[in-house]
Amino acid sequence: MKVNGTPMRPIWEADGEAGERVRIIDQTRLPFAFETATLASEADTAVAIRDMLVRGAPLIGATAAYGVALAMREDASDANLSAAYDRLHATRPTAINLRWALDDMRARLAPVAPSGRADAAFARAREIVEEDVEINRRIGAHGLELLKEIAGRKGRVNVLTHCNAGWLATCDWGTATSPVYQAHDAGIDVHVWVDETRPRNQGGHLTAWELHNHGVPHTVIVDNAGGHLMQHGEVDICFTGTDRTTATGDVCNKIGTYLKALAAKDNGVPFYVCLPSPTIDWTVRDGVREIPIEERSAAEVTDLTVLVDGEVTKGRAVSPGSPAANPAFDVTPARLVTGLVTERGIAAASESGLRGLFPEMAA
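What counts, and at which threshold
Residues numbered from 1 in each chain as written. Predicted model: local features only at pLDDT ≥ 70, side-chain atom pairs only at ≥ 80, totals over all residues. Heavy atoms only, no water. Helix = DSSP H or I, 4+ residues; strand = E, 2+ residues; numbered from the N terminus. Expected span 1.5 Å × (residues − 1). Buried < 20%, exposed > 50% of the residue type's maximum accessible area, 1.4 Å probe, protein only. Contact = heavy atoms within 4.5 Å. Pairing = 2+ DSSP bridges. Phe/Tyr/Trp six-rings, centres within 6.5 Å; stacked < 30°, edge-to-face > 60°. Lys NZ or Arg CZ within 6 Å of the ring centre and 35° of its normal.

In this model, helix α4 (residues 96-109) (14 residues) spans 20 Å end to end at C-alpha, consistent with the 20 Å of a helix rising 1.5 Å per residue. Burial in α4 covers these residues: I96, N97, L98, A101, L102, D104, M105 and L109. Those residues of α4 that are buried lie in contact with α2 (57-74), α3 (78-89), α5 (114-154), β10 (244-246) and β13 (280-281).

Cis geometry is found at the peptide bond from L30 to P31, where omega equals 5°. Backbone torsion omega between R198 and P199 reads 10°, so that peptide bond is classified as cis. Phi angles above zero are rare outside glycine, and D309 is one such case at about 55°. Looking at where D309 falls in the secondary structure, it is placed in the loop between β14 (303-308) and β15 (311-316). Relative accessible area serves as the criterion here: at 78%, D309 is assigned to the exposed category.

Glancing now at the pairing of strand β5 (residues 36-39). Burial along β5 is one-sided: the residues A37 and L39 are buried and none of T36 and T38 is. In this structure, strand β4 (residues 22-25) lies alongside β5, joined through four bridges in antiparallel fashion. What sits directly across from R23, in β5, is T38.

The final tally for this structure, using the stated rule, is five aromatic pairs. Arranged with centres 6.0 Å apart and planes meeting at 10°, the rings of F34 and W209 form a pair that is stacked. A residue pair is termed long-range when its members are at least 10 positions apart, and F34 in the loop between β4 and β5 and W209 in helix α7 (residues 202-214) qualify at 175 residues. On the basis of relative accessible area, F34 is assigned to the partly exposed category, the value being 36%. With centroids separated by 6.1 Å and ring planes inclined at 65°, the aromatic side chains of W282 and F358 adopt a geometry described as edge-to-face. Pair noted here: W282 is in the loop between β13 and α10 (287-290) and F358 is in the segment after α12 (351-357), with a separation of 76 residues, a long-range link. Both residues of the pair, W282 and F358, count as buried. Through a chain of ring-to-ring contacts, three or more aromatic side chains come together here, namely F34, W167 and W209. Above the face of the Y85 ring, R106 is positioned so that its terminal group lies 3.8 Å from the ring centre. Against the face of F329 rests K254, its NZ or CZ located 4.6 Å from the ring centre.

Honestly, it's all geometry; don't read function into it.
Listed below in structure tokens is the structure:
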């Protein structure tokens, strides 16, 4: 997608550095500053994932793949391959793409002689990036049909989204935003209600930033405004992403998604989740009971990052001395999800729906 008119991706290998280091957009600096960071080691990669310089399930997976490649550049032994897997897997517990990418890299590298592992690892990491780009393009093409149908009936299409499931969360296009970008580029009158998404404000900071840069009409709203807008007919469809989807269609996403799904159900608003197939965890059936929910620092709740007189600063947002809890995700039961938009089409949020699109997983 575009930054100030220039096509960019959130992760890349710069000219002259391929196979040695990786560049990323430092998303902790957005939207008040645009900065990039260099990952020159596995340790750099682990910090980038854990501290959310990169975030979003697909991008976390791609970054982890590069982390393994950098580890193999440092030490390509069997012991370090296993240790790198464990160290990177420990950085974020909820997003399944992290484990998927690490499993993929370990399985492909294990039979390769240590002398060839670094090159093989970088080659596979590049493939994972390109595969993710194509998957997200296809997700957008399927979701675009939903927006075309609404536009044919109403003209302007009002989409509500939660958190950031845009191109900053993937290797390009995004998941929940891919249909929006494709609709906008096709000339459809589409407008996005952007949940601020406390406590890290990924909607107000990241989704709004990338929509603005691409020229997509949008309005930032507080998290609790969605239900009100639905009651008054101001939302035509909800698109969200997901960090892990169970084999039965339960969806784990940024905290607050469950409440949006409840409001959508009560007001007859279609609620779709856009997901690449690596986000499906075929080993889990009950999202509420089986998916580990990351508990992040209370400081993300108590403190806010703001721009004051041109300077970025942090300030206390709650009563001094009060404790805060910060569960980072919640689970939306399949019964509240209208459909799952995948690269192979739109499935019912059910085991039969998913297996209908992915029959190879029937075993």
